[in-house]
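The primary structure of each chain is shown beneath.
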Amino acid sequence: MQFSDRRNTTRWIIIFASFLIVSLILWNTYTFFQIFKNEERLKMNLWANAQKTFINANETTDVEIPLQIFSNNTSIPIILTENDSIINTVNIDDIIVKDKDKAVDFLHNLKSENEPIVIEYVPGKFQKLYYGNSSLLNKLKYYPVALVLIIVLFGGLVYNFYRSTKMATQNKLWAGMAKETAHQIGTPLSSLIGWVEILKSEAVEESTTLEIEKDIERLQTITDRFSKIGSEPKLENKDIVTETQQSYDYLQSRFSKQIEFSFQAPQTKIMVLLNPTLHSWTIENLVKNAIDAMKGKGKLALEIKQEGDLVKINVSDTGAGIQKKQFKAIFEPGFTTKKRGWGLGLSLTKRIVEEYHKGTIKVLQSEIGKGTTMQVILKKIV
């Protein structure tokens, strides 16, 4: 618990620090933007004074400085107006200048960017200088957006790396536990097989030994399942109807008569590339979860149907149902609504279906108090 609390505290510290860094970057960029904007305003005031000097110049006036000010402005767009008519333009594309409508639209844009500078070149006569932001200032506006995007992308890469590393570690842990379980079961299982042979030699009733042998075969199947987790299983061309029905029938014989089982499938074979042992595990997990949801009493239906090159297996129950917000969470390792349980059944089922059989599994539909339908989709062999 202390470790979990510490980890949550660290996570919030990182989130707060990231927010603080982004805020500082945005504030710093805004400050630079305002400084550059004020500098450009000063340049335009100089340009306006130069314009006034140039208009009022006579033969003795030194116009070298005004001309130098005019020539130094190579980036700030300017429109000079008098009596609401455009009389001069600077740093504006000729296509815009020659088109009256475009020139008017451009002037409106300049008005929205900066307040105009009024030039009273003689008493009672005025010109207005409208100017826009330089290309450098416009680029600076988008700099924080680009920086935030880079930070978000970097954060996403770090998160994905962390998540994939965590999942890889979990997978190794599950695989190790599965193989160790298979190994531990194997020793007493061999002993049980020996005891069955002794019972047979002592003329014990055949029906008794037959049932024991069925359970031993089941234990061997379970051992085989665990041994396959963490390694690449061998896939075979199998009739999914037969494979599913065998697993379903076995489970039906082992559960309470208060469960009303039904099975519906096409009469023809449907060939699918799968591992029979792992597919049996998938069906078993889905059926057991359905029975748990119904608390051992209700209706359980398994339906197999074809749609194009896909085969869909629907397992429906009349249990408690699942909240929509938990449709994805139920497949995560450790998630369980039971008082007793590890929450590994559906996560292993998802791994078998999606990683080994290259299919998909999902909650097709669910309604609280009415039941749930789980769906497995696999590709047929055409």
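Residues numbered from 1 in each chain as written. Predicted model: local features only at pLDDT ≥ 70, side-chain atom pairs only at ≥ 80, totals over all residues. Heavy atoms only, no water.

By the naming in an unreviewed UniProt entry, the chain goes by histidine kinase and is assigned to Flavobacterium flabelliforme.

1. Comments concerning unusual backbone geometry
Most peptide bonds take the trans form, and the phi angle of most residues other than glycine is negative. Heads up, the rule is: Put simply, DSSP H or I for four residues or longer makes a helix, DSSP E for two residues or longer makes a strand, and each gets a number counted from the N terminus.
Positive phi values are uncommon outside glycine, yet asparagine 83 reaches one of about 55°. Along the chain, asparagine 83 falls in the loop between strand E1 (78–82) and strand E2 (85–90).

2. Considerations on the sheet that holds strand E4 (residues 125–131)
Quick reminder of the rule: Criterion used throughout: strands pair if DSSP finds at least two bridges between them. The axes are straight lines fitted to the C-alpha atoms, using for helices just the contacting stretch, and the angles between their N-to-C directions are given from 0 to 180°. By the convention used here, residues are in contact when the closest approach between their heavy atoms is within 4.5 Å.
Overall, antiparallel pairing links the four strands, which are arranged E2-E1-E4-E3 in an open sheet. The sheet is open, and its two borders are formed by E2 and strand E3 (117–122), each paired with just one other strand. Shown here is a sheet whose adjacent strand axes are inclined to one another by a mean of 25°, direction ignored. Here five bridges tie E3 to E4, and the two strands are oriented antiparallel to one another. When the bridges of E4 are listed, valine 118 appears paired with lysine 128. Contacts between helix H4 (residues 100–113) and the sheet are confined to E1, E2 and E4, with E1 contributing the most and set at about 100° to the helix.

3. Quick word on the packing of aromatic side chains
We count it as follows: A pair of Phe, Tyr and Trp rings is counted when the ring centres sit within 6.5 Å of each other, with Trp represented by its six-membered ring. The angle between the planes then sorts it: under 30 degrees is stacked, over 60 is edge-to-face, the rest tilted. Burial classes follow relative accessibility: with a 1.4 Å probe on protein chains only, a residue under 20% of its type's maximum area counts as buried, one over 50% as exposed, and anything between as partly exposed.
Within this structure, the stated rule accounts for four aromatic pairs. Between tryptophan 47 and phenylalanine 70, the aromatic rings sit 4.8 Å apart at their centres with planes inclined by 55°, giving tilted as the arrangement. Note that tryptophan 47 is positioned in helix H1 (residues 2–55) and phenylalanine 70 in helix H2 (residues 64–72), a separation of 23 residues in sequence. Both rings, one in tyrosine 248 and one in phenylalanine 263, keep their centres 5.7 Å apart while their planes meet at 40°; by these two values the pair is tilted. With a gap of 15 residues between them, tyrosine 248 in helix H7 (residues 240–254) and phenylalanine 263 in strand E6 (residues 259–264) connect regions that are remote in the sequence. The class of tyrosine 248 is buried, set by a relative accessible area of 1%. These aromatic residues form a ring-pair network of at least three members: Trp47, Phe54 and Phe70.

4. Here we look at the pattern of salt bridges
The condition that has to hold: Think of a salt bridge as a Lys or Arg side-chain nitrogen and an Asp or Glu carboxyl oxygen that are within 4 Å of each other.
Taken as a whole, this structure holds six salt bridges when the rule is applied. Its salt-bridge partner being lysine 350, residue glutamate 354 comes within 3.0 Å of it at the nearest N-O pair. With glutamate 354 and lysine 350 both in helix H9 (residues 345–356) and four residues apart, this pair spans about one turn of that helix. Judged by its relative accessible area of 27%, lysine 350 is partly exposed. One salt bridge connects arginine 351 with glutamate 355, and the closest N-O pair in it is separated by 3.5 Å. Of this pair, arginine 351 and glutamate 355 both sit in helix H9, separated by four residues, roughly a single helical turn. Judged by relative accessible area, which is 39%, glutamate 355 ranks as partly exposed.

5. Examining the sheet that holds strand E11 (residues 371–379)
Reading across from one edge, E6-E8-E9-E11-E10 is the order of the five strands in this open sheet, with mixed pairing throughout. The two strands at the open ends of the sheet, each matched to only one other strand, are E6 and strand E10 (360–367). Taken pair by pair, the neighbouring strands of this sheet meet at an average axis angle of 15°, ignoring direction. Judged from the seven bridges that link them, E10 and E11 form a sheet pairing that is antiparallel. Bridge pairing links serine 366 to threonine 372 in E11. The sheet strands contacting helix H8 (residues 276–293) are E6, strand E8 (298–307), strand E9 (310–317), E10 and E11, and the helix crosses E9 at an angle near 25°.

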